[in-house]
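Per-entry structural report
Okay, here's what each chain looks like letter by letter:
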Amino acid sequence: MVTATLPDLNTLTLDALKALIVAQHERLLTREREVEHLKLLIARLQRMQFGRKSEKLAQQIEQLELRLEELQSEPGEDSSPEAKPSVLINKDTASAKPARHPLPEHLPRQTRRHEPKESACPDCGGMLRKLGEDVSEMLEYVPASFFVIRHVRPKLSCSHCERIVQAAAPSRPIERGMAGPGLLAHVLTSKYADHLPLYRQSEIYARQGVELERSTLADWVGSTSQLLTPLVDALRRYVMAASKLHADDTPVPVLAPGNGKTKTGRLWTYVRDDRPAGDTAAPAAWFAYSPDRKGEHPERHLREFRGVLQADAYAGFNQLYANGRIQEAACWAHVRRKFYDLQQAHASPVASEALQRIAALYGIEKEIRGRPPDERREVRNQRARPLLESLRQWFEMTLLKLSRKSDTTAAMRYALGLWEALTLYCDDGRLEIDNNAAERALRAVALGRKNYLFAGSDTGGERAAAIYSLIGTAKLNDCDPEAYLRMVLSRIADHPINRIGELLPWNLDTDWERRTDS
């Protein structure tokens, strides 16, 4: 190790001493910047490793929720009815205890009658007559169970001409397959919505006495995905017909063929959701898979789209904005996140002020969520635009006081470089302040990625994109994904291809399955 020695200060001239002090000061500043930069990198890596920390004090909230759960789970010293004294209940304080909601009407009921043991009056022996009855309900659970549907088709023959008559065989989601639509929907939902890999599902089914190999389940997933392809295509056309889309992507480890290692593929999502602007059109999300992150993929995905694209500053999108067919709207959440990282890493007062200024913009958005576009645009121009102009001036003035190499400088230059796209939402009431709609759609992928470890192939990635599209859209429309897939798989084999759009979530009768079961 080489140790720098301090020169004899008595032999140095005044200019040399000044130069030495300046050099030492520069080294200290460089070291301080490096320390701050490393802290920021560590904070980012920790967030990548353990998942993004909530910006609303997630740890404290989780601890409070756990403590609340413990308190609610602990019984009192004596919870028997006999031990409780009669008390007068104050209506103002009665709401402190959660009200018991009635059990859902659609659940099947099993009636169990409990007749008295006495057949005559125990006092005088007189005949008993019915006075009334008390009815109470208890919610019970039976573990998910398999059952077999036997399709019996009698053959009839004519006694005169011996012609044989028989009903046509009912169609199946998978031709000659033994899985019914309910089982297929359960496998798909367990894998892509509940993040349960197929090998774990196989183990669960085995405990119920049904041996279903993982390879069998994989074949079902592949066949079902192929069956659903026309519906996913109809969903893509609906999404791309919008005038504004949210877009984002996330990495997906994919098993590389031949060497047992993984490569990094991408899942892209495009979300149509104009409900915050008072639009009644159904929300939808379409996913696409690509083996890499080249810009050619979003260009291909969006070749039919014309309008405004709300996305991050990914360079692969830049070509889309070149000819004016697609207009760029940037995301304030990305800007905010950079300052949040700085504030968490080393309590930067500049980052704290930036967060406060951005929070004021979000406060306005909260007030106007769900209002018509014209009203949103008017409010934004009156209230948000002056705040934005003040924020831009503050960025520019603060930059003059900061080192060019600091992370705070980088965060501010990021915002200023996208300023036109960041402020476009003030001119168009349909737009949002951020791209959180797309980020929310990708949360299921992030959770599933932790369980799957990797996708088996590029084809597996494409299958995942198709199923994520249907499940994500079902959730956006407040449909139970498993019930929705069950309904679709019960119908799609016999459904006319030119009317495939009738099977999209917002076009289905959500009570159909319930009425059929009853």
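None of these values were measured; they are calculated from a predicted model.

Rules behind the numbers
Residues numbered from 1 in each chain as written. Predicted model: local features only at pLDDT ≥ 70, side-chain atom pairs only at ≥ 80, totals over all residues. Heavy atoms only, no water. Helix = DSSP H or I, 4+ residues; strand = E, 2+ residues; numbered from the N terminus. Buried < 20%, exposed > 50% of the residue type's maximum accessible area, 1.4 Å probe, protein only. Contact = heavy atoms within 4.5 Å. Areas by Shrake-Rupley, 256 points an atom, 1.4 Å probe, with all protein chains shown as cover. Axes fitted to C-alpha atoms, helices over the stretch in contact; angles between N-to-C directions. Parallel < 35°, antiparallel > 145°, perpendicular 65-115°, else oblique. Left-handed = near helix turned anticlockwise from the far one by under 90°. Nonpolar A, V, L, I, M, F, W, Y, C, P; charged D, E, K, R; others polar. pLDDT = per-residue confidence, 0-100. Core = buried A, V, L, I, M, F, W, Y, C linked by side-chain atoms within 4.5 Å. Phe/Tyr/Trp six-rings, centres within 6.5 Å; stacked < 30°, edge-to-face > 60°. Lys NZ or Arg CZ within 6 Å of the ring centre and 35° of its normal.

1. Focus on the overall build of the protein chain
Within the protein chain one finds 18 helices and seven strands. For the protein chain, with 518 residues in total, the buried portion stands at 36%. Partitioning the intrachain contacts of the protein chain with sequence separation of at least 6 by distance along the chain shows that 63% fall at a separation of at least 24. Per element, the accessible surface of the protein chain, about 33900 Å² overall, is 53% carbon and sulfur.

2. Here we look at unusual backbone geometry
Not every positive phi belongs to a glycine, and His 195 is a case in point at roughly 60°. Here His 195 shows up in the loop between helix 4 (181-192) and helix 5 (198-207). By relative accessible area, which is 13% here, His 195 ends up buried. At Asp 478, a position not held by glycine, the phi torsion is positive, near 60°. Looking at the element boundaries, Asp 478 is found in the loop between helix 16 (458-476) and helix 17 (481-491). Among the residues examined, Asp 478 registers a relative accessible area of 71% and is labelled exposed.

3. Quick word on the packing of helix 4 against helix 17
Look at helix 4 against helix 17: their axes get within 8 Å of each other, and the N-to-C directions meet at 140°. With respect to each other, helix 4 and helix 17 are oriented oblique. Like other packed secondary-structure pairs, helix 4 and helix 17 cross with a definite hand, here right-handed. Across from Pro 181, Gly 182, Leu 184, Ala 185, His 186, Leu 188 and Thr 189 in helix 4, the residues of helix 17 making contact are Pro 481, Glu 482, Leu 485, Arg 486, Leu 489 and Ser 490. In terms of residue class, the contact of helix 4 with helix 17 is built from seven nonpolar, four polar and two charged.

4. Notes on the confidence of the model for the protein chain
Across the protein chain, the average pLDDT comes to 82, with 81% of residues at or above 70. For the stretch residues 76-96, pLDDT sits under 50, and the model shows three contacts to residues farther than four places along the chain or on other chains.

5. Considering the nonpolar core
Of all hydrophobic cores here, the largest spans 71 residues; its most connected members are Leu 228, Leu 231, Leu 245, Tyr 270, Leu 302, Leu 309 and Phe 317. Take this core: its biggest share by element is eight residues, from helix 16. Leu 231 has contacts with Leu 470, Tyr 484, Val 488, Ile 492, Ile 500, Leu 503 and Leu 504, leaving out every residue within four places of it along the chain. Within the second largest apolar cluster, 37 residues are counted, among which are Val 308, Ala 345, Ala 351 and Ile 358.

6. Some details on the side chain of Thr 269
Its location among the elements puts Thr 269 in strand 4 (residues 262-272). Apart from residues no more than four positions distant in its own chain, Thr 269 is found in contact with His 246, Ala 247, Asp 248, Ala 285, Trp 286, Phe 287, Ala 438, Ala 441 and Leu 442.

7. Digging into the packing of aromatic side chains
Any pair of aromatic rings gets described here by the distance separating the centres and the angle formed by the planes. Applying the stated criterion across every chain, the model contains 12 aromatic pairs. A ring pair is formed by Tyr 238 and Trp 506, whose centres lie 4.5 Å apart and whose planes are at 40°; its orientation type is tilted. Separated by 268 residues along the polypeptide, Tyr 238 in helix 7 (residues 229-240) and Trp 506 in the loop between helix 17 and helix 18 (512-517) bring together distant segments of the chain. The exposure class assigned to Tyr 238 is buried, which follows from its relative accessible area of 18%. Ring geometry for Trp 268 against Phe 317: centres 6.3 Å apart, planes inclined by 70°, an arrangement best described as edge-to-face. Within this pair, whereas Trp 268 is found in strand 4, its partner Phe 317 is found in the loop between strand 6 (307-310) and strand 7 (326-329), the two being separated by 49 residues in sequence. Of the two residues, Trp 268 and Phe 317, neither departs from the other in class, the shared state being buried. Linked through ring pairs, Trp 332, Phe 339, Trp 394, Phe 395 and Trp 419 together constitute an aromatic cluster. Over the ring of Tyr 192 we find Lys 191; its NZ or CZ atom is 5.2 Å from the centre of that ring. When the ring centre of Tyr 314 is taken as reference, the NZ or CZ atom of Arg 293 above it lies at 4.0 Å.

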